[in-house]
Amino acid sequence: MTILTFTLILLAGAYLAGLVGSLTGLGGGVVVIPLLTLVFHVDIRYAIGAALLASIANSSGAASAYVKEGITNIRLGMFLEIATTVGAVAGAVIAVYTPTNTIAILFGAILLFSAAMTIRKKNQQALTNGSALSLKLKLNSSYPTKEGEVKYQLKNVGAGFSIMTLAGIMSGLLGIGSGALKVLAMDSTMHIPFKVSTTTSNFMIGVTAAASAVVYLQRGYMDPGIAFPVVLGVLGGAFTGSKLLTRLDPKVLKYIFCLAISFVAIEMIYNGYNHQF
């Protein structure tokens, strides 16, 4: 295979990854890494490095729109980024010394968890009685809807912060945004309305990925020939997905994606267990 053919196929695959990731809310990394490792047989650490760069670009583009609309809770995002950034650096350091087969098995397990989180019932209710800590840290906020401004409060801030640390470690270790864990912390644990939790998670992903990307860059796991087409493809796919999202039925898409991603997860776990990486 020539370099041009490899680049074009990778660009098309990354575009599909960005498209599917934006339509399901899981990000392009969950497709990019299996694509690079299972199809092109790229070392999983180089695949993670490319996926982290794509996450930074994707998050930077999408997050600005949500911030402008006033949905993202910026203060909460900055507070939780303390946990995710520390975790991301720790995860990236751990990844350097972790066998690639172990990383592949962990990646598959997180994919299965992400698939389950995608189809679960989301919290749409806004709490009116939060915890004392959320009030003290001024994390309570509001977001606009068609019916007007909706105010909400938070609870279980400490538990959410702890889950965010784990999400950061998984992000640095596996090269994905760990959006499922972040939404679990904000949606299920802290009881933030789902619309706010997803947009705030997207706002945080870029910072989390940037922290762990530094470690991968220092270790030499950033290959421009792989990363450049992945970033371009994921950005293009994410932009197309944001336009299609209003026209397609997201429930059907999520069920289809969950089946597909579960198959990929099982393949990653199987290959990891049999030392194929």
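These remarks concern the structure in this document. (Residues numbered from 1 in each chain as written. Predicted model: local features only at pLDDT ≥ 70, side-chain atom pairs only at ≥ 80, totals over all residues. Heavy atoms only, no water.)

1. Here's the deal with the layout of surface pockets
The line we're drawing: Buriedness of a pocket was judged along seven lines, with at least five required to meet protein on both sides within 12 Å; pockets are open sets of points on a 1 Å grid over the protein atoms alone, cavities are sets where a 1.4 Å probe fits but cannot get out, and lining residues have an atom within 4 Å of a point. Grid points are joined across faces, edges and corners, and a volume is the space filled by probe spheres set on the points. A run of H or I in DSSP counts as a helix once it spans at least four residues, and a run of E counts as a strand once it spans at least two, with each numbered from the N terminus.
For the second largest pocket, the calculated volume is near 230 Å³. Lining of the second largest pocket is provided by 13 residues; of these, L16, V31, P34, I261 and V264 occupy positions nearest its centre. Contributing elements (two or more residues each) for the lining of the second largest pocket: α1 (3-24), α2 (29-39) and α11 (250-273). The greatest single-element share of the lining of the second largest pocket, amounting to six residues, is contributed by α2.

2. Structural notes on the side chain of E81
To be explicit about the condition: Should any heavy atoms of two residues lie within 4.5 Å, those residues are counted as being in contact.
On the secondary structure map, E81 appears in helix α4 (residues 74-96). In this structure, E81 is in contact with F203, M204 and V207, ignoring residues within four places of it in sequence.

3. Remarks on the packing of α4 against helix α9 (residues 194-218)
So the rule is basically this: Axes, fitted as lines to C-alpha atoms, cover a helix only where it is in contact. Angles between the N-to-C directions of the axes lie from 0 to 180 degrees. Any angle between 65 and 115 degrees counts as roughly perpendicular, while under 35 counts as roughly parallel, over 145 as roughly antiparallel, and the rest as oblique. Note: crossing handedness is left-handed where the near helix turns anticlockwise from the far helix by less than a right angle, and right-handed where it turns clockwise. For this classification, Asp, Glu, Lys and Arg are treated as charged, while Ala, Val, Leu, Ile, Met, Phe, Trp, Tyr, Cys and Pro are nonpolar and the rest, including Gly, are polar.
Orientation of α4 relative to α9, taken along the N-to-C sense of each, is 30°, at an axis distance of 8 Å. By the angle between their axes, α4 is roughly parallel relative to α9. In this structure, the crossing between α4 and α9 has a hand that is right-handed. Residue composition of the contact of α4 with α9, grouped by class: 15 nonpolar, six polar and one charged.

4. Some points on the environment of K182
Inspection of the secondary structure assignment puts K182 in helix α8 (residues 179-189). For the pair formed by K182 and I205, sequence separation is 23 residues and the distance between their alpha carbons is 9.2 Å.

5. What to know about a nonpolar patch on the surface
Which entries qualify depends on this criterion: Two distance rules govern patches: like charges are joined within 9 Å, and nonpolar side chains (Val, Leu, Ile, Met, Phe, Trp, Tyr) within 5 Å, applied only to residues with over 30% relative accessible area and no salt bridge. Per-residue and other accessible areas were derived by the Shrake-Rupley procedure at a 1.4 Å probe size, with only the shown protein chains allowed to occlude residues. The rule for a salt bridge is simple: a side-chain nitrogen of Lys or Arg has to be within 4 Å of a carboxyl oxygen of Asp or Glu.
A contiguous nonpolar surface patch, about 510 Å² in accessible area, is contributed by L4, L8, L11, F228 and L232. Every element with two or more residues in the nonpolar patch is listed here: α1 and α10 (224-244). By residue number, the principal contributor to the nonpolar patch is α1, which donates three residues. Within the fold, F228 resides in helix α10.

6. Quick look at the environment of F107
Rules: The classification of residues rests on relative accessible area computed with a 1.4 Å probe and restricted to protein chains. Under 20% of the type maximum is buried, over 50% is exposed, and intermediate values are partly exposed.
Mapping F107 onto the fold places it in helix α5 (residues 100-119). Among the residues examined, F107 registers a relative accessible area of 1% and is labelled buried. Spatially, the C-alpha atom of F107 lies 9.0 Å from that of I176, the residues being 69 residues apart in sequence. Look past the residues within four positions of F107 in its chain and what remains in contact with it is G29, V30, I33, P34, L174, I176 and M268.

7. So, the environment of V264
On the secondary structure map, V264 appears in helix α11. Discounting residues that sit within four places of it in the chain, V264 has contacts with P34, L38 and L111.

8. A short note on helix α7 (residues 157-174)
Basically, it comes down to this: Multiplying 1.5 Å by the residue count of a helix minus one yields the expected span of that helix.
Across its 18 residues, α7 extends 25 Å between first and last C-alpha, which sits within 8% of the 26 Å expected from 1.5 Å per residue. Taken together, the buried positions of α7 are V157, G160, I163, M164, A167, G168, M170, S171, G172, L173 and L174. A positive backbone phi angle near 80° is found at G175, which sits one or two residues after α7.

9. Focus: α9
The first and last C-alpha atoms of α9 sit 36 Å apart over 25 residues, in line with the 36 Å expected at 1.5 Å per residue. Note on α9: the residue one or two positions beyond its end, G220, has a positive phi of about 85°.

10. Quick word on the packing of aromatic side chains
Rules: A pair of aromatic rings is counted whenever rings of Phe, Tyr or Trp (Trp by its six-membered ring) have centres within 6.5 Å, and the orientation is called stacked for planes under 30 degrees apart, edge-to-face for over 60 and tilted otherwise.
Counting across every chain of the model gives five aromatic pairs. An angle of 50° between the planes, with centres 6.0 Å apart, marks the rings of Y143 and Y152 as tilted. For the pair shown, Y143 and Y152 are each scored as buried.

Distances and angles like these do not, on their own, reveal function.
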